[in-house]
Amino acid sequence: MTIDDFISGFTEETGYFNFASVGPLGRAAIEEEQAQVELLRRSRFGSLASLEEQDRRVREAVGQLIGFASDQVVFQPNTSSGLMHAMFGITGGVLLSGAEFPSLPFAAVRAADSLSVLAPHWLDTAGGPVTPGVIRDRLTPSIVAVAVSLVDFRTGYLADIEGIRQVIGDRLLIVDAMQGFGVVDAPYGVADVIASGGQKWARAGWGTGFLALSDRALDRLTPVFSGFSATDSPDLPLDGVLPPAEGASAYSISNPSPIDQARFAAALEEIGSVGVSAISAHLAQKVSRVIDLADEYAVPVASSRAENERAGIVILEPAADHLTMLTASLFNHGITVTVRGGTVRLSPHVSTDEDSFDALRGAFTSYASAITV
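To keep things clear, this report deals only with the structure shown in the data block. (Residues numbered from 1 in each chain as written. Predicted model: local features only at pLDDT ≥ 70, side-chain atom pairs only at ≥ 80, totals over all residues. Heavy atoms only, no water.)

## Side note on the overall build of the protein chain
(1) Moving on: Within the protein chain one finds 13 helices and 10 strands.
(2) Moving on: Computed over C-alpha atoms, the radius of gyration of the protein chain comes to 22 Å, within 12% of the 21 Å expected from 2.2 N^0.38 for 373 residues, which places it in the range of a compact globule.
(3) Moving on: Along the three orthogonal principal directions, the C-alpha set of the protein chain runs to about 75 × 60 × 30 Å.
(4) Moving on: Counting every position in the protein chain, which comprises 373 residues, the buried fraction comes to 53%.
(5) Moving on: Sequence separation of at least 24 residues holds for 70% of the intrachain contacts in the protein chain that already meet a minimum separation of 6. (Helix = DSSP H or I, 4+ residues; strand = E, 2+ residues; numbered from the N terminus. Rg over C-alpha atoms; globule rule 2.2 N^0.38 Å. Buried < 20%, exposed > 50% of the residue type's maximum accessible area, 1.4 Å probe, protein only. Contact = heavy atoms within 4.5 Å.)

Here's what the structure looks like:
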């Protein structure tokens, strides 16, 4: 599949620059879901066996994108569920920033408050990114794991997880990959725990996600929430509670939706077919165009301009008294963005088309005219 073939499968409306919030579904995901729903609707004799195959299929699709074996991957309904499994399974100190997306700090604090075996160590970045140097200066012998977002949801900063691995040594490296999975060609092999959902850059919709665990993580974590679907028994475990499975499947609570799994798998198989590196390179061009347009109209860019420090997010930070004019101009030109904390977050994808960039130019033109009046 070429990048153009991949792009042709998406038909979101003009002006959509909000993939860091949710990604409009593509044709492959929609058609897969429709096929599975129709199969379930009819329930022809013998046909439902195909639903049982979706768990293996989605684990293989995830594994191929991140370089993990399929038995090191377990399907999750979202990123937060995967992170909860990981944090509740840790004994010892976990170093993380309180400025991360709430999934990480909430999981750490809930685990600490409930079991009293995890101890959060809060990383003070002085408003800057989570870097290997900042982490190195805060490491202590009691810290057994470090947690970080692959891409920061506030700033768009792309974490150097290879550098972080080098400074933390044998400690567990936990990565919330939500804002990069599917568009960042990351060295996932250096991580021990990877959690992500499929509703943003992977464009697979809500109810999709995964947790991937290295052998080291499987040795050190305890599967606290391990349900009846998480044993090594090939049959339904009746009349007794069996121990958790040996692999990542131990971190399952109940049988997942095979329709959600199929939709996720279809989206990931297309990503794998074109290649994350090709998607990443094409997206980098779109991000550069957004930055160039902002510069042309003197809209301040707060996110990093360096390609090795960014993924798909551009943060605009106009003067406080200009924010309303900027957001109004974007709204009036049909530009979908996220406005939070005095900043405007734009996040294009490879399918963001010329009409969308023309609309963005129109919005910036209106904004520039308004602030010069």
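Further notes follow.
## So, the pattern of salt bridges
Opposite charge on two side chains allows them to pair when their charged atoms are near.
(1) Moving on: A full pass over the atoms with the stated rule returns 16 salt bridges.
(2) Moving on: Between Arg-41 and Glu-38 there is a salt bridge whose closest N-O contact spans 2.6 Å. Within this pair, Arg-41 and its partner Glu-38 are both found in helix α2 (residues 27–42), separated by 3 residues, close to a single helical turn.
(3) Moving on: Among the ionic pairs, Arg-57 bridges to Glu-269, the shortest N-O distance being 2.8 Å. Within this pair, whereas Arg-57 is found in helix α4 (residues 54–66), its partner Glu-269 is found in helix α10 (residues 258–274), the two being separated by 212 residues in sequence.
(4) Moving on: Each member of the salt-bridge network shares a partner with another, and the members are Arg-165, Asp-170, Asp-192, Arg-216 and Arg-220. (Salt bridge = Lys/Arg side-chain N within 4 Å of Asp/Glu carboxyl O.)

## Digging into the nonpolar core
(1) Moving on: In this structure, Leu-150, Phe-181, Phe-264, Leu-316 and Phe-364 are the most contacted members of the largest nonpolar core, which totals 84 residues.
(2) Moving on: At 8 residues, the largest contribution of residues to this core is made by helix α11 (residues 276–296).
(3) Moving on: Those residues within four positions of Leu-316 in sequence are excluded, and the remaining contacts are Ala-294, Val-299, Pro-300, Val-301, Leu-326, Thr-343, Val-344, Leu-346 and Phe-364.
(4) Moving on: Counting 29 residues, the second-largest nonpolar core is a separate cluster that includes Ala-107, Leu-118, Ala-217 and Ala-248. (Core = buried A, V, L, I, M, F, W, Y, C linked by side-chain atoms within 4.5 Å.)

## Digging into the pairing of strand β4 (residues 143–149)
(1) Moving on: Burial of β4 is extensive: 6 of the 7 residues sit out of reach of the surface.
(2) Moving on: By the bridge criterion, 3 bridges tie strand β2 (residues 92–97) to β4 in an arrangement that is parallel. In the strand pairing of β4, Leu-95 is matched with Val-146.
(3) Moving on: Relative to strand β5 (residues 172–176), β4 is paired through 5 bridges, and the arrangement is parallel. (Pairing = 2+ DSSP bridges.)

## What about helix α8 (residues 161–168)?
The α-helix advances 3.6 residues per turn, and as a result positions three or four apart in sequence lie on the same side.
(1) Moving on: Among the residues of α8, Ile-161, Gly-163, Ile-164, Arg-165 and Ile-168 are the ones counted as buried.
(2) Moving on: Those residues of α8 that are buried lie in contact with α7 (132–136), β4, β5 and α9 (215–220).
(3) Moving on: Phi for Gly-169, located one or two positions after α8, is positive at around 65°.

## What to know about unusual backbone geometry
The general pattern is negative phi for most residues beyond glycine and trans for most peptide bonds.
(1) Moving on: One non-glycine residue, Ser-43, adopts positive backbone phi at about 50°.
(2) Moving on: Mapped onto the elements of the fold, Ser-43 is located in the loop between α2 and α3 (49–52).
(3) Moving on: A positive phi angle is found at Ser-116, which is not glycine, with a value near 60°.
(4) Moving on: As for its placement among the helices and strands, Ser-116 is situated in the loop between α6 (103–115) and β3 (118–123).

## Topic: α4
(1) Moving on: Over its 13 residues, α4 runs 18 Å from end to end, which matches the ideal 18 Å to within 8%, given 1.5 Å per residue.
(2) Moving on: Burial in α4 covers these residues: Gln-54, Arg-57, Val-58, Arg-59, Ala-61, Val-62, Gly-63, Leu-65 and Ile-66. (Expected span 1.5 Å × (residues − 1).)

## Observations concerning the side chain of Ser-356
(1) Moving on: Inspection of the secondary structure puts Ser-356 in helix α13 (residues 354–372).
(2) Moving on: Within the structure, Ser-356 has its side chain in polar contact with the backbone nitrogen of Gly-15 (distance 2.9 Å).
(3) Moving on: Apart from the residues within four sequence positions on either side, Ser-356 is in contact with Glu-13, Thr-14, Gly-15, Tyr-16, Phe-17 and Ile-335. (Polar contact = N/O pair within 3.5 Å; in protein donor to acceptor, adjacent residues only side chain to side chain.)

## Structural notes on the sheet that holds strand β6 (residues 193–197)
(1) Moving on: A sheet is described by the order of its strands in space; here 7 strands give the open sequence β1-β7-β6-β5-β4-β2-β3, paired in mixed fashion. The sheet is open, and its two edges are formed by β1 (73–75) and β3, each paired on a single side. Along the sheet, successive strands turn relative to each other by an average axial angle of 20°, direction set aside.
(2) Moving on: Along the sheet face, α4 touches β1, β6 and β7 (209–213) and points at about 130° away from the line of β1. (Axes fitted to C-alpha atoms, helices over the stretch in contact; angles between N-to-C directions.)

## Concerning empty space enclosed by the protein
(1) Moving on: For the structure on display, the rule yields 1 cavity of 30 Å³ or more.
(2) Moving on: Of the pockets and cavities examined, the largest cavity occupies roughly 80 Å³.
(3) Moving on: The wall of the largest cavity is formed by Phe-6, Gly-9, Phe-10, Gly-26, Arg-27, Ala-28, Ala-29, Ala-202, Arg-203, Ala-267, Glu-270 and Ile-271.
(4) Moving on: Among the elements of the structure, α2 and α10 are those that each provide at least two residues to the lining of the largest cavity. (1 Å grid on protein atoms, 1.4 Å probe; cavity = no way out; pocket = protein on both sides within 12 Å on 5 of 7 lines; lining within 4 Å. Points joined across faces, edges and corners; volume = space filled by probe spheres on them.)

## Quick word on the packing of α4 against α10
(1) Moving on: Interhelical geometry of α4 versus α10 gives an angle of 30° and a closest axis separation of 8 Å. With respect to α10, the axis of α4 lies roughly parallel. Considering only the axes of α4 and α10, their crossing is left-handed. For the pair α4 and α10, contact is made by Gln-54, Asp-55, Arg-57, Val-58, Ala-61, Val-62 and Leu-65 and by Pro-258, Gln-261, Ala-262, Phe-264, Ala-265, Ala-266, Leu-268, Glu-269, Ile-271 and Gly-272, respectively. (Parallel < 35°, antiparallel > 145°, perpendicular 65-115°, else oblique. Left-handed = near helix turned anticlockwise from the far one by under 90°.)

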